[in-house]
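# Structural description and commentary
Residues per chain, in single letters:
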There are 2 protein chains.
Amino acid sequence: MSEIKNDLFLRACKRLPVERTPVWIMRQAGRYLPEYRAVRDKADFITMCHTPELAAEVTIQPVDIIGVDAAIIFSDILVIPEAMGMKFDMIESRGPVFHHPLRNEDDAKLLKQIDPGKDLKFVLDAVSLAKKELNGRVPLIGFGGSPWTLFTYMIEGKGSKNFSYVKKLIFNNPSLAHKVLEMLSDAVADYLSAKIEAGANAIQIFDTWGGILAQDDFEEFSLWYISKVISKIKRNDEPIIVFSKGVHFKLEELAASGADVIGLDWTMDLCEVRKKIGGKVALQGNLDPTVLYANKEKIKEETKKVLRSFGEGPGHIFNLGHGIFPDVDPENAKALVEFVKEESKVFHRKDNIGDDYV
Amino acid sequence: MSEIKNDLFLRACKRLPVERTPVWIMRQAGRYLPEYRAVRDKADFITMCHTPELAAEVTIQPVDIIGVDAAIIFSDILVIPEAMGMKFDMIESRGPVFHHPLRNEDDAKLLKQIDPGKDLKFVLDAVSLAKKELNGRVPLIGFGGSPWTLFTYMIEGKGSKNFSYVKKLIFNNPSLAHKVLEMLSDAVADYLSAKIEAGANAIQIFDTWGGILAQDDFEEFSLWYISKVISKIKRNDEPIIVFSKGVHFKLEELAASGADVIGLDWTMDLCEVRKKIGGKVALQGNLDPTVLYANKEKIKEETKKVLRSFGEGPGHIFNLGHGIFPDVDPENAKALVEFVKEESKVFHRKDNIGDDYV
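The shown structure was predicted, so the numbers you read here are calculated from the model rather than taken from an experiment. (Residues numbered from 1 in each chain as written. Chains lettered and ligands numbered in written order. Predicted model: local features only at pLDDT ≥ 70, side-chain atom pairs only at ≥ 80, totals over all residues.)

### Some points on the overall build of chain A
Rules: Secondary structure counts use DSSP, requiring at least four H or I residues in a row for a helix and at least two E residues in a row for a strand, with both numbered from the N terminus. A radius of gyration in this sense is built from C-alpha atoms; the matching globule rule multiplies 2.2 Å by the number of residues raised to 0.38. Residues with at least 20 neighbouring C-beta atoms inside 10 Å of their own are called buried, those with 12 or fewer are called exposed, and the rest are partly exposed, where every C-beta is derived from the backbone. Here contacts are defined at the residue level, using C-beta atoms placed from the backbone and a cut-off of 7 Å between them.
On a plain count of helices and strands, chain A comes out with 16 helices and 9 strands. Rg of the C-alpha trace for chain A: 19 Å, near the compact-globule value of 21 Å for 358 residues, within the 12% margin. In terms of its C-alpha atoms, chain A occupies a principal-axis envelope of roughly 60 × 45 × 40 Å. Per-residue burial for chain A yields a buried fraction of 55% across its 358 residues. A separation threshold of at least 6 residues defines the contact pool for chain A, and within that pool the share at least 24 residues apart is 74%.

If you want it as C-alpha cells, here you go:
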C-alpha cells in the first residue's frame, strides 16, 4: 500500500487504524459537477465509457474538486452485457435501454463469452491512465455489477418498477437463469481481475437489484453468485466492497461472502449492523443522498450522526447510502467531504494505540 | 363480531384462535380481474371512486370470484388530498398526477379542512352499500394513506424515483412539513372514523413511502403521525393494520403505535419478525407478489413457505407483500387463496385448546 500517499481508504477497508474516517461518494464522477458536464457536452455517455482519455479525466475530477479519499473509475456496469453482444442506449433521465432484452433460451444462446483484455480493453486503458494521472494521490476503485443486477437489466431491458420479466424467468425457468448467471459470474470475475491487473486498488460490486428479491431468492440468485465472483477474482490484498441496495437481511451471509467491506443504504442503522458483522467486515455508508439538498448546517449535523452511529475505531468508510443526485450543488458535496474529514478525527483518537474496538 | 359469518380475519387480527389462516390480497379489486375491467370500461378510475354503486360492485368481486376472507373497499388514498382541494388525474400505467403539487407555504394555505361526511360522502356511501351487499359474508376493510404517504404524493405531484421535492422540503422547511402532516393526521383520522361508522370492520393504513426515509426521519415524519391517527380514530374493537412498505427497521416502534396488525413486505422474514413483535401484534403478509407469475406448483410451495415461516398458532393474516399486479392470471390468485385455506389448517390444530404460542 506504500505506493499510495493517502491510503486511509485502503486501511479502513482492512479495519486498520486510521487518523480520520476516509470518504468517497458513489457516482462522484457525475452530472452534479459542471466540470463533468463540460466533458459530457462533447461526448455521449457511452462514448465517454469507451474513450479512456475522457473516462480517466472525469475519474480524477472529484479528487481535485471535492477532495475525496478515493477515485472510482468512470464506467458503467453494463459494459459487460454490451461486450457479450447486448447493445444498449443510455437515455437521459430514463437510464439504460437494451435494444433486444434477453427473454428466452434462444436469446441466451447469442451471448458470447468475453475476453476483458480484448473486449473491454477501453476500461482497462482508462484504469491505467487514471492510475497514472492520479500518481498515487489516492487509491483507484474499479467496479462491476453483481451477476444478478446485470441479469436483471438484461432481462427487463430497462429500468423497471415491478421487475415482472426477471421474476417470471426465475420462477418459471430457473435453470436458464442459473445458466446465464453462471456465465455472468465468470465474465464479472475475469473483468474485475483484469481491472486489478490494470491498477485498480480496490473493487466495488454493485448489487443494485438484490433488494427486490425475497430472502431465499436473494441467496439463490444473487448472493451465491457474488460469493462466486469474489472467490474467482485474482487479487493480492485489494479489498472488495459489496453494496447490495435494500438488502437489510442476510447481513451475516454477506459478511461471509469473502467481501472485505459491506456497503449500506441509508435505511440501515450503522451501529446495529456493526454489532452484527463489524467484527468480520468494514462498513461503508450511509448518509441519505438527499441530505445534500439541505443547508450546510443540516449536512454537518447528519454527517456527525452517521459518524456517531458507527462510533469509535477503524472499519468505517464514509459514503452516501446511494449515488449522488445530478441536481446536488457541488459546494454541498465539498462541504460534506470537509465535514467528514474534520468531524471524524475524534472517533479515531485511540486507533493507533492498539485497542480492539469491535 | 357475531354479525359476520366468516370472521377468521377479525379473529386473526386480534390473535384469537382460528381454524385456518385467513387470506386477502392487497389491490384484490383490480385490473387483473376481467370483471373489474368490465366495470372500468364504463368509467374511469376516479369516476369509479366517486360512484358508490361502482365502487361497491368491484369491492365485492374478489369475495365472489377469488374467495378471499375479507373485502376491502374500492377507493384511493388520494381522495383526501383531492377533498382538501388538490385535484389529480389517474394516468394508466403512470399513476396519479396532481395538477398543482404542493411546494411552499402559499400552496399549503390553499388546503382546506375536510368534513368526511360531506366531502367524502361518496366513499362512506360505498362502504354502506358494499356492507349491505356483503350481507355479513366476510368483514369489510376500510383504508387510508398514512399522513406521510399522502404528503409525499402531494409534494412530488406524481410517482418519483428520488423523492427530491419532499426530501428538500423536510430538510429545509421542516415546520411547514409538520404543519401539513398535522392537518393530514386530523383529516385521515376523521375519515377513517367515518368509515368505521359507515360499517367498516377493520382499517388498513398504507404507509407506502415510509421506507424512503432514514430511520430517524421515519420516526419524525411518518411513525409519529401514524400513531397520532390511530389514537384519534373513533372505534369499538375494529382492528387497525399498518402496512409500511420497506420499513424493515423500527418494528418495535410500529408495534407500539397502537396498531393491532403490522403488514410486512416480501423482503421480511415472518419468523424473525414474529419473535420480535409477535407477542404484541398480529402479522400480515408477505408472499412476493411476483410469485403469482409462476406455475401453481411453485405458488403452492411458496405459500407453504410463508405459512411455515410464521409457524403455528394464531396472529397471521396471509397476504401478498405488496399489491397484486394487473397482469396476473386470476386463476393463480384463486389457486393461492385455495392453497392458503387448505395448507394452513395444520398450523392451527392446537388453536382451540388454549395454548400460548408466542
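### Thoughts on the relation of the copies chain B and chain A
Relating the two copies of this chain is a rotation about some axis coupled with a shift parallel to it. Going by this rule: In superposing the copies, a least-squares fit is computed on C-alpha atoms, taking residues whose pLDDT is at least 70 in both.
Superposition record for chain B on chain A: RMSD 0.0 Å, screw rotation 180°, translation along axis 0.0 Å. The transformation relating the two chain copies, once decomposed into turn and shift, fits a two-fold axis. It is His248(B) whose C-alpha, among those of chain B, lies nearest the rotation axis, at 3.6 Å. The share of interface residues of chain B whose copies in chain A are also at the interface is 100%, consistent with both copies meeting through the same surface.

### As for the packing of helix 11 (residues 174-198) of chain A against helix 12 (residues 215-232) of chain A
Residues and elements named next belong to chain A. Operational definition: Inter-axis angles, ranging from 0 to 180 degrees, are taken between N-to-C directions of lines fitted to C-alpha atoms, where helices are fitted over the stretch in contact. Just so you know how the angles are binned, under 35 degrees is roughly parallel, over 145 roughly antiparallel, 65 to 115 roughly perpendicular, and the rest oblique. The crossing is said to be left-handed when, going from far helix to near helix, the turn is anticlockwise and less than a right angle, and right-handed when the turn is clockwise. Amino acid classes used here: Ala, Val, Leu, Ile, Met, Phe, Trp, Tyr, Cys and Pro are nonpolar; Asp, Glu, Lys and Arg are charged; the rest, including Gly, are polar.
Their axes nearest at 9 Å, the elements helix 11 and helix 12 cross at an angle of 30°. With respect to their mutual orientation, helix 11 and helix 12 come out roughly parallel. The two elements helix 11 and helix 12 meet at a crossing, and its hand is right-handed. Between helix 11 and helix 12, the contacting residues are Ala177, Leu181, Ser185, Val188 and Ala189 on the first element and Phe221, Tyr225, Lys228, Val229 and Lys232 on the second. In terms of residue class, the contact of helix 11 with helix 12 is built from 7 nonpolar, 1 polar and 2 charged.

### Section: the interface of chain B and chain A
Taken together, the contact pairs 24 residues of chain B with 24 residues of chain A. Sort the elements by how many residues they give to the side of chain B that touches chain A and helix 10 (residues 164-172) of chain B lands first, with 5 residues. Residue composition of the side of chain B that touches chain A, grouped by class: 9 nonpolar, 9 polar and 6 charged.

### Topic: helix 11 of chain A
Rules: Expected helix span is given by 1.5 Å per residue-to-residue step, counting one fewer step than there are residues.
Its 25 residues give helix 11 of chain A an end-to-end C-alpha distance of 35 Å, which sits within 8% of 36 Å, the value for a rise of 1.5 Å per residue. After helix 11 of chain A finishes, the residue Gly199(A) shows a positive phi value of roughly 130°.

### Considerations on the sheet that holds strand 9 (residues 316-320) of chain B
All names here are of chain B. For clarity, the cut-off: Only when DSSP finds a minimum of two bridges between them are two strands counted as paired.
A sheet is described by the order of its strands in space; here 7 strands give the open sequence 1-4-5-6-7-8-9, paired in parallel fashion. The open sheet has two edge strands with one neighbour each: strand 1 (71-72) and strand 9. Relative to strand 7 (residues 261-263), strand 6 (residues 240-244) runs parallel, the two sharing 3 bridges. What sits directly across from Phe243, in strand 7, is Gly263. Packing of helix 11 (residues 174-197) onto the sheet brings it into contact with strand 4 (140-145) and strand 5 (202-207), and relative to strand 4 it is tilted by some 170°. Its contacts with the sheet place helix 14 (residues 270-277) against strand 7 and strand 8 (282-287), and it is angled at close to 165° to strand 8.

### Things to note about the sheet that holds strand 9 (residues 316-320) of chain A
All names here are of chain A. On the basis of which strands lie adjacent, the open sheet formed by 7 strands has the order 1-4-5-6-7-8-9 and parallel pairing. In this open sheet, the two strands that pair with only one neighbour each are strand 1 (71-72) and strand 9. Direction of pairing for strand 1 relative to strand 4 (residues 140-145): parallel, over a ladder of 2 bridges. Bridge pairing links Ile72 to Ile141 in strand 4. Here helix 8 (residues 121-134) sits on the sheet in contact with strand 1 and strand 4, set at roughly 155° to strand 4. Of the strands in this sheet, strand 5 (202-207) and strand 6 (240-244) touch helix 12, which is tilted by about 165° from strand 5.

### Thoughts on helix 4 (residues 52-65) of chain A
All names here are of chain A. Here helix 4 spans 20 Å end to end across 14 residues, near enough to the 20 Å set by a 1.5 Å rise per residue. For helix 4, the full list of buried residues reads Ala55, Ala56, Glu57, Val58, Thr59, Ile60, Gln61, Pro62 and Val63. Looking at the packing, one finds that the buried side of helix 4 touches helix 2 (34-40), helix 3 (45-50), strand 1 and helix 8. At the exit of helix 4 stands Gly67, carrying a positive phi of roughly 85°.

### As for the environment of Ser146(B)
All names here are of chain B. Position of Ser146 among the secondary structure elements: in the loop between strand 4 and helix 9 (147-156). Taking C-alpha positions, Ser146 is 8.8 Å from Val242, a pair spaced 96 residues apart along the chain. Apart from the residues lying within four places of it in its own chain, the contact partners of Ser146 are Ile205, Phe206, Asp207, Gly210, Ser222, Tyr225 and Ile226.

### Overview of the pairing of strand 3 (residues 95-98) of chain B
Residue and element names in this part refer to chain B. Two elements, strand 2 (residues 88-91) and strand 3, share 4 bridges in a ladder whose sense is antiparallel. Its bridge partner lying in strand 3, Met90 is registered against Pro96. Here strand 2 folds back onto strand 3, and the loop between the two strands holds 3 residues, one of which, Ser93, carries a positive phi near 60°.

### Description of the pairing of strand 9 of chain A
Residues and elements named next belong to chain A. In terms of residue burial, strand 9 counts as a mostly covered element, since 5 of its 5 residues are buried. With 5 bridges joining them, strand 8 (residues 282-287) and strand 9 adopt parallel strand pairing. Residue pairing for strand 9: Leu283 is matched across the bridge by His316.

### Some words on unusual backbone geometry
Here the amide bond leading from Gly285(A) into Asn286(A) is cis, since omega sits at -5°, within 30 degrees of zero. Tracing the chain through its elements places Asn286(A) in strand 8. In this structure, Phe163(B) takes a positive phi of about 55° despite not being glycine. Mapped onto the elements of the fold, Phe163(B) is located in the loop between helix 9 and helix 10. Here Phe163(B) falls in the partly exposed class, since 17 other C-beta atoms lie within 10 Å of it.

### Here we look at the environment of Gln28(A)
All names here are of chain A. Checked against the element boundaries, Gln28 lands in the loop between helix 1 (8-13) and helix 2. Taking the C-alpha atoms as reference points, Gln28 and Phe74, 46 residues apart in sequence, are found 9.1 Å from one another. With near-sequence residues (within four places) excluded, Gln28 lies in contact with Pro62, Ile66, Val68, Ile72 and Ile324.

### As for the confidence of the model for chain A
Put simply, the test is: pLDDT measures the predictor's confidence residue by residue and takes values from 0 up to 100.
Residues of chain A with pLDDT of at least 70 account for 97%, and the chain-wide mean is 96. In the predicted assembly, ipTM is 0.92 and pTM is 0.95.

### Concerning the environment of Phe347(B)
Residues and elements named next belong to chain B. Position of Phe347 among the secondary structure elements: in the segment after helix 16 (330-343). Exposure remark for Phe347: the 20 C-beta atoms within 10 Å place this residue in the buried category. For the pair Phe347 and Glu312, spaced 35 residues apart in the sequence, the C-alpha separation amounts to 4.4 Å. Residue contacts for Phe347: discarding those within four places in its chain leaves Thr21, Leu307, Gly311 and Glu312.

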